[in-house]
Amino acid sequence: QVQLVESGGDLVQAGGSLRLSCAASGTSGTDFSINAMGWYRQAPGKQRELVAAITRSGRTNYLDFVKGRFTISRDNAKSTVYLEMNSLKPEDTAVYYCVAGLWVSGPFESWGQGTQVTVSL
């Protein structure tokens, strides 16, 4: 079973940057269950939404709202995915969940516990 552990969430001022990391364990590097890895987020009172995902081959999928500000990348050798977030806005405040699955658009079978990102004015 795949375990996903996130890190990097923090409190940051608007316009600032953060880098989230997520390491997968319990799987081999070629396992299809982590062919795609990515990030969902859930803000208070809102539904979860896919922020970005990336396949082992480098194909990406981004939420329109974060295009140009967020960059997803991964290190296949470490089974780790990163989310570089720049020009953060208060609207980016949410719990960010690491996810993994077969397809870059989902569904994602494995979920992390989440890491809080708070953007203040």
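Residues numbered from 1 in each chain as written. Predicted model: local features only at pLDDT ≥ 70, side-chain atom pairs only at ≥ 80, totals over all residues. Heavy atoms only, no water.

**Observations regarding the sheet that holds strand S3 (residues 18–25)**
Then, in step 1: Here we have four strands laid out as an open sheet, ordered S1-S3-S8-S7, and antiparallel in their pairing. Only two strands of the sheet have a single neighbouring strand rather than two, namely strand S1 (3–7) and strand S7 (70–75). Neighbour-to-neighbour, the strand axes of the sheet open up by a mean angle of 15°, direction not taken into account.
Then, in step 2: As paired elements, S1 and S3 share five bridges and run antiparallel to each other. Pairing of Val-5 across the sheet is with Ala-23, part of S3. (Pairing = 2+ DSSP bridges. Helix = DSSP H or I, 4+ residues; strand = E, 2+ residues; numbered from the N terminus. Axes fitted to C-alpha atoms, helices over the stretch in contact; angles between N-to-C directions.)

**Notes on the state of the cysteines**
Then, in step 1: Under the defined criterion, the tally for this structure stands at one disulfide.
Then, in step 2: Sulfur-sulfur distance for the disulfide between Cys-22 and Cys-98 comes to 2.0 Å. Since a negative S-S torsion denotes a left-handed disulfide, the Cys-22-Cys-98 link at about -85° is left-handed. Taken together, the positions of Cys-22 in strand S3 and Cys-98 in strand S9 (residues 94–101) put the pair 76 residues apart, joining distant regions of the chain. As far as burial versus exposure is concerned, Cys-22 and Cys-98 are alike and both buried. (Disulfide = S-S within 2.5 Å. Buried < 20%, exposed > 50% of the residue type's maximum accessible area, 1.4 Å probe, protein only.)

**Here we look at the packing of aromatic side chains**
Then, in step 1: In this structure the tally under the stated criterion is three aromatic pairs.
Then, in step 2: A ring pair is formed by Tyr-40 and Phe-108, whose centres lie 6.1 Å apart and whose planes are at 80°; its orientation type is edge-to-face. Pair noted here: Tyr-40 is in strand S4 (residues 36–42) and Phe-108 is in strand S10 (residues 108–111), with a separation of 68 residues, a long-range link.
Then, in step 3: Since its relative accessible area comes to 18%, Tyr-40 is described here as buried.
Then, in step 4: Assessed through its relative accessible area of 8%, Phe-108 is described here as buried.
Then, in step 5: Among the aromatic side chains, those forming a connected cluster through ring pairs are Tyr-40, Tyr-97, Phe-108 and Trp-111.
Then, in step 6: Against the face of Tyr-82 rests Arg-19, its NZ or CZ located 4.1 Å from the ring centre.
Then, in step 7: Just above the ring of Phe-65 sits the side chain of Arg-69; from NZ or CZ to the centre is 5.2 Å. (Phe/Tyr/Trp six-rings, centres within 6.5 Å; stacked < 30°, edge-to-face > 60°. Lys NZ or Arg CZ within 6 Å of the ring centre and 35° of its normal.)

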